[in-house]
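As a plain string of letters, each chain reads:
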Amino acid sequence: MSRVVIVDGFSSGKFVAKALRERGCTLIHVASSATLDDYYYMGFDASIYECLIVNKQLEATVERVATFDPQYIIAGAETGVLLSDWLNEQLNLPYRNQFNRTQARRNKFEMIRCVADAGLPAAQQAIVESWNAAKAWILGHGRFPVVLKPLDSAGADGVYICDDLQDCEVAFGKVLGTTNRLNIRNAQVLIQEYLVGVEYVVNMVSLGARQMVTEVVRYRKERLDSGSVIYDIDELVSPAEPECELLVDYTRKVVRSLGIENGPSHAEVMLTEKGPRLVEIAARTDGILRPEVSEQTTGLGQIRATVMSIVEPEQFERLLDAQVGYELLLHSYNVCLINRSPGCFTKELFLSELLKLESYFYSVFYVGSGQPIGMTKDVFSQPGTIYLVHADNAVIKADYLKLRALEAVGAYLAP
């Protein structure tokens, strides 16, 4: 079977790796850096890999990977996108993306500029290295709110929505010069216009520059007093809803403009009154996905579709030829927990209450029982995700409110 290198097989990438191993693939893992945050290694199973490589010097990593004679090299998480592109280019493998756009698939300024250069509508933006330059752009833009964020980050890390100039100056100071959760120093700050509308996710998997749509999801996020953003709900959207065609058509053009020709893409798109606008896109699987949830809700899902594009490309192409999209088999909410007070995490009582919810299906906790947790201040401090699945969306909505009520009384905090 196929020999596959996975760069940073974390987040939902660990499920891609597991499924590839189950389909008979031989796997090698490459860690993009020796200093990755421990957050990424939660749930990582080293036993499914034949060899573990840590990238310390690019040429040496290329040599070690080449001895494996891989047929595929893919990124498992955002941290692995650039290195997987580099390895694919050096080894000249067919299942890869256009290398001349590799920076645009990570650098958010270059990303939006690339989309705009392709003639697609995009947000106004600037990159700055000083507060005076930031202030000048903001005053010239003349509208609040505005968004300040790192050039290279993930999961809303370091993203601030600012209502006035003072908020902007505070956010600028929080971003510039700090190291983000991808272990990249923020030497510049990206400022963008605030897009007003409803935010969606459009997940695809490409093969030979043709895209299969695997999910369209409606986001609901919460803006904290600090201006930072955390996730509330991901709601799977029926492909029959009228906005889906518009979102999918726009995202296909975005994917092509950024040279994504093979493998998964995870696009966040704001549907404004003027039409879709890209927030950002990533050349990897959606981090919140779980294969068992997708099996219930769409029957396929991005993780399984990614695996199919590698181990069953002919079947994948037949689905493309038939223009088969995803189906909404059951409704679902992916509910991100938001802790409101510091304490000690304990899941036993909380789980017993969750099991009483009619739509409860699955849960993932990012902290263990007995661990101290603080108030949720960003995506990386959210203590877990609860997956609600049901045929009746009204049941899910009612269970969501019950879940938040449990959270409000500290159901997962030890007395």
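Our subject in this report is the structure included herewith. Worth saying up front: this structure is predicted, and the values here are computed from it rather than measured.

Right, let's get into the packing of aromatic side chains. Throughout the structure, instances matching the rule amount to 17 aromatic pairs. With a centroid separation of 5.8 Å and an interplanar angle of 90 degrees, the aromatic rings of Tyr39 and Tyr40 are classed as edge-to-face. Judged by relative accessible area, Tyr40 falls into the buried class, the value being 9%. Both rings, one in Phe44 and one in Tyr49, keep their centres 5.7 Å apart while their planes meet at 20 degrees; by these two values the pair is stacked. Site record: aromatic cluster; members linked through ring pairs are Phe10, Tyr39, Tyr40, Tyr41, Phe44, Tyr49 and Phe380.

Among the structural elements, Pro313 can be located in helix H10 (residues 313–321). Sequence separation between Pro313 and Leu207 is 106 residues; the distance between their C-alpha atoms is 8.0 Å. Beyond its immediate stretch of four places on either side in the chain, Pro313 contacts Leu207 and Met308.

Let us look at the packing of helix H2 (residues 58–67) against helix H3 (residues 81–91). Relative to each other, H2 and H3 sit at 65 degrees, their axes nearing to 10 Å. Of the two possible hands of crossing, H2 and H3 adopt the one that is right-handed. In contact with Leu58, Thr61, Val62, Val65 and Ala66 of H2, H3 contributes Leu83, Trp86, Leu87, Gln90 and Leu91. Looking at the contact of H2 with H3 residue by residue, the class counts come to 8 nonpolar, 2 polar and no charged.

Read from one edge of the open sheet, 4 strands run S5-S8-S6-S7, paired in antiparallel fashion. Where the open sheet ends on each side, the last strands, each with one partner, are strand S5 (125–128) and strand S7 (160–162). Taken pair by pair, the neighbouring strands of this sheet meet at an average axis angle of 25 degrees, ignoring direction. Alignment of strand S6 (residues 146–149) against S7, held across 3 bridges, turns out to be antiparallel. The partner of Val146 across the bridge, within S7, is Cys162. In the packing of helix H4 (residues 108–117) onto the sheet, the strands contacted are S5, S6 and strand S8 (189–193), and the crossing angle to S5 comes to about 150 degrees. Along the sheet, helix H5 (residues 131–141) contacts S5, S6 and S8; its crossing angle with S8, the most-contacted strand, is approximately 5 degrees.

Turning to unusual backbone geometry, a few remarks are in order. A cis amide bond, omega 0 degrees, links Phe144 with the succeeding residue Pro145. The topology assignment puts Pro145 in the loop between H5 and S6. One non-glycine residue, Asp69, adopts positive backbone phi at about 50 degrees. With respect to the helices, strands and loops of the structure, Asp69 is situated in the loop between H2 and strand S4 (72–75).

As a further point, take the pattern of salt bridges. The tally for this structure, following the rule as stated, stands at 23 salt bridges. The salt bridge partner of Glu193 is Arg143, with a shortest N-O separation of 4.0 Å. Within this pair, whereas Glu193 is found in strand S8, its partner Arg143 is found in the loop between H5 and S6, the two being separated by 50 residues in sequence. Residue Glu193 is classed as buried on the basis of its relative accessible area of 17%. Between Lys221 and Glu199 there is a salt bridge, and its shortest N-O distance comes to 3.2 Å. Remark: Glu199 occurs in strand S9 (residues 198–207) and Lys221 occurs in strand S10 (residues 210–223); sequence separation between them is 22 residues. One network of salt bridges, in which partners are shared, links Arg218, Glu235, Glu241 and Glu243.

The rules we used
Residues numbered from 1 in each chain as written. Predicted model: local features only at pLDDT ≥ 70, side-chain atom pairs only at ≥ 80, totals over all residues. Heavy atoms only, no water. Phe/Tyr/Trp six-rings, centres within 6.5 Å; stacked < 30°, edge-to-face > 60°. Buried < 20%, exposed > 50% of the residue type's maximum accessible area, 1.4 Å probe, protein only. Helix = DSSP H or I, 4+ residues; strand = E, 2+ residues; numbered from the N terminus. Contact = heavy atoms within 4.5 Å. Axes fitted to C-alpha atoms, helices over the stretch in contact; angles between N-to-C directions. Left-handed = near helix turned anticlockwise from the far one by under 90°. Nonpolar A, V, L, I, M, F, W, Y, C, P; charged D, E, K, R; others polar. Pairing = 2+ DSSP bridges. Salt bridge = Lys/Arg side-chain N within 4 Å of Asp/Glu carboxyl O.

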